[in-house]
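# Summary of the model geometry
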Amino acid sequence: MRKRKPQPLSSSMLEAVAVQFRALSEPARLRLMEALFDGEHSVQELAEATGLSPANTSKHLGTLAAAGLLVRRKDGVRVLYAVVDDTPRQLCDLMCARVRQNAQDALHRVSSRPEA
């Protein structure tokens with residue numbers, strides 16, 4: 001039995017995909033996501049782990065949460081953030097592997113050039 005080709009996404013669904021990619025397009029937000037892949041953390045913990053100010057950390061976390069990539073919950077006066085599911089990690093793993101492979105390929109091309 002053949003796999004059915006998925007239906008094309010509507011314009012509004014494509015915009016929702018673009019919102020998530022835009023949220024992940026900032027290196028600081030990728031660092032925050034990486035820190036969150038090992039579990040739930042507070043803004044202060046994430047600021048310390050990434051070297052960002054607490055205010056900047058909070059701003060970036062808000063962007064990631066608004067894109068639907070993070071969930072947040074209150075624990076007394078602290079706000080804790082967690083990755084919503086494993087999909088962002090899978091996407092980051094896939095893209096990181098691609099970047100590493102491209103870098104290795106480029107290094108191999110440079111190192112295998114005959115010297116002039």
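Here we summarise the structure given alongside this text.

### Examining a nonpolar patch on the surface
On the surface, Leu9, Met13, Leu14, Val17 and Phe21 cluster together into a nonpolar patch covering about 460 Å² of accessible area. Checked against the element boundaries, leucine 14 lands in helix α1 (residues 11-23). Judged by relative accessible area, which is 48%, leucine 14 ranks as partly exposed.

### With respect to the side chain of histidine 60
Within the fold, histidine 60 resides in helix α4 (residues 54-66). Given the relative accessible area of 6%, histidine 60 is considered buried. One polar contact links histidine 60 to arginine 29, side chain to side chain, over a distance of 3.1 Å. Residues in contact with histidine 60, not counting those within four places in the same chain, are Glu26, Ala28, Arg29, Leu32 and Leu52.

### Focus on the sheet that holds strand β1 (residues 41-42)
An order of β1-β3-β2 is seen for the three strands of this open sheet, with the pairing classed as antiparallel. The sheet terminates laterally at β1 and β2 (70-75), the two strands that pair on one side only.

### Let's talk about the environment of arginine 73
Checked against the element boundaries, arginine 73 lands in strand β2. A relative accessible area of 41% means that arginine 73 is categorised as partly exposed. Excluding its chain neighbours within four sequence positions, the residues that come into contact with arginine 73 are Glu40, Arg78, Val79 and Leu80.

### A short note on the pairing of strand β3 (residues 78-83)
The sheet contact formed by β1 and β3 spans two bridges and is antiparallel. Each bridged residue has a counterpart across the sheet, and for serine 42 the counterpart in β3 is leucine 80. Alignment of β2 against β3, held across six bridges, turns out to be antiparallel. Paired with valine 71 across the strands is alanine 82, a residue of β3. What sits between the antiparallel neighbours β2 and β3 is a turn of two residues, in which glycine 76 has the positive phi angle 70 degrees.

### Describing the pattern of salt bridges
For the structure on display, the rule yields five salt bridges. Across the pair arginine 73 and glutamate 40 runs a salt bridge, and its minimum N-O distance is 2.8 Å. Highlighted residues: arginine 73 in strand β2 and glutamate 40 in the loop between α2 (27-36) and β1, separated in sequence by 33 residues. Here aspartate 86 ties to arginine 89 by a salt bridge, and the two come within 3.5 Å at their closest N and O atoms. You can call arginine 89 partly exposed: its relative accessible area is 30%. Through salt bridges with shared partners, a single ionic network connects Glu45, Asp75 and Arg78.

### Examining the state of the cysteines
Within the structure shown, the criterion is met by zero disulfides. This cysteine, cysteine 92, is not joined by any disulfide, and cysteine 96 carries the nearest cysteine sulfur, 5.9 Å off. Look at cysteine 96 and you get partly exposed, because its relative accessible area is 37%.

Cut-off values and rules
- Residues numbered from 1 in each chain as written.
- Predicted model: local features only at pLDDT ≥ 70, side-chain atom pairs only at ≥ 80, totals over all residues.
- Heavy atoms only, no water.
- Patch = residues over 30% accessible without salt bridge, like charges linked within 9 Å, V, L, I, M, F, W, Y side chains within 5 Å.
- Areas by Shrake-Rupley, 256 points an atom, 1.4 Å probe, with all protein chains shown as cover.
- Salt bridge = Lys/Arg side-chain N within 4 Å of Asp/Glu carboxyl O.
- Helix = DSSP H or I, 4+ residues; strand = E, 2+ residues; numbered from the N terminus.
- Buried < 20%, exposed > 50% of the residue type's maximum accessible area, 1.4 Å probe, protein only.
- Polar contact = N/O pair within 3.5 Å; in protein donor to acceptor, adjacent residues only side chain to side chain.
- Contact = heavy atoms within 4.5 Å.
- Pairing = 2+ DSSP bridges.
- Disulfide = S-S within 2.5 Å.

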